[in-house]
Amino acid sequence: MFIYSFTRYVQWPDAYNEGDFEILVLGDSPILDELRNMAQTKKVSGDRSIKVTKINAPTEIRKCNILYVPSNKSSQIDNVLAKVNAMPILIVTEEPGLGLKGSNINFIVKDGKLAFELNQASISKKNLRISNELSRLAIMI
């Protein structure tokens, strides 16, 4: 649900607002099925279908809106960041420390609850805009 919510609070450049809203997931993760189920019932910006695709390696990263890197693929974050570089792709991770390493949004558990860090500097480099509402909910790094 968090990831779907991000679609409402992040603004991508015009070239990334056409066609399907694509989410890439690096490797196997339980979130893959959850995202695919969500994609069957939700739309982005009213009419854009959500397409969820599993990729096996950072070399397969291509134009998309969100790239999800599960904790079991965290060791590949340097390759992911090198491949994405300044492309306006929102990188979402779930491993302590990856927010500081350059992930845009990083899920963590704080006080027994799921929370997320937001790396404003890395988001700005990608020409993405984050709403103030999302910033207020995040742990800023």
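The coordinates are above.
Computed from a prediction, not measured in an experiment: that's the story for all the values here.

(A) Region of the structure containing the overall build of the protein. When its secondary structure is counted, the protein shows six helices and 10 strands. Going through the 141 residues of the protein one by one, you find that 48% of them count as buried. Summed over all atoms, the accessible surface of the protein reaches about 7,400 Å², with 47% contributed by carbon and sulfur. Counting 18 positive and 15 negative side-chain charges, the protein places the centres of these two groups 3 Å from one another.

(B) Summary view of the pattern of salt bridges. Inspection of every chain in the model, using the stated rule, returns three salt bridges. Close ionic contact of Arg62 with Glu22 constitutes a salt bridge, the shortest N to O distance being 2.6 Å. Of the two residues, Arg62 is situated in the loop between strand E4 (48–55) and strand E5 (66–69) and Glu22 in strand E2 (residues 21–26); the sequence distance between them amounts to 40 residues. A relative accessible area of 33% means that Arg62 is categorised as partly exposed. Across the pair Lys54 and Asp28 runs a salt bridge, and its minimum N-O distance is 2.9 Å.

(C) Spatial organisation of the sheet that holds strand E3 (residues 43–44). Taken together, the eight strands give an open sheet; going across it, the order is E3-E4-E2-E5-E6-E7-E8-E10, and neighbouring strands pair in mixed fashion. Edge positions in the open sheet fall to E3 and strand E10 (139–140), since each of these has one partner strand only. Relative to strand E7 (residues 105–110), helix H1 (residues 2–9) is tilted by about 135°, and along the sheet it contacts E2, E3, E4, E5, strand E6 (90–93), E7 and strand E8 (113–118). Along the sheet face, helix H2 (residues 30–41) touches E2, E3, E4 and E5 and points at about 160° away from the line of E4.

(D) Layout of H2. Those residues of H2 that sit buried are Ile31, Leu32, Leu35, Met38 and Ala39. Each buried residue of H2 lies within a common arc of 130° when the element is viewed along its axis, so the set occupies one face. Within H2, the exposed residues directed more than 90 degrees away from the buried face are Pro30, Asp33, Glu34, Gln40 and Thr41. Those residues of H2 that are buried are in contact with H1, E2, E4 and E5.

Conventions and cut-offs
Think of each chain on its own: its residues are numbered from 1, step by step along the sequence as written. For a predicted model such as this one, the threshold for reporting local features is a pLDDT of at least 70, and the threshold for listing and counting side-chain atom pairs is 80 or more; totals across whole chains, interfaces and linings nevertheless cover every residue. By convention in this description, side-chain values take in all heavy atoms of the structure and omit both hydrogens and water. A run of DSSP states H or I qualifies as a helix once it reaches four residues; a run of E qualifies as a strand once it reaches two. Both are numbered from the N-terminal end. Type-normalised accessible area, obtained with a 1.4 Å probe on protein chains alone, sets the label of each residue: buried when under 20%, exposed when over 50%, and partly exposed for intermediate values. The method behind every accessible area is Shrake-Rupley, applied with a 1.4 Å probe, and residues are considered shielded solely by the protein chains displayed. Note that His is not counted, nor are the chain ends; the positive residues are Lys and Arg, and the negative ones are Asp and Glu. Charge positions are represented by NZ for Lys, CZ for Arg, CG for Asp and CD for Glu. Each reported salt bridge corresponds to a side-chain nitrogen of Lys or Arg within 4 Å of a carboxyl oxygen of Asp or Glu. Only strands that DSSP links by at least two bridges are regarded as paired with each other. In this analysis, two residues are considered to be in contact whenever any of their non-hydrogen atoms come within 4.5 Å of each other. Lines fitted to C-alpha atoms define the axes here, with helix axes fitted over just the stretch in contact, and angles between the N-to-C directions of these axes take values from 0 to 180 degrees. Note: the arc covers the axis-to-C-beta directions of the helix.

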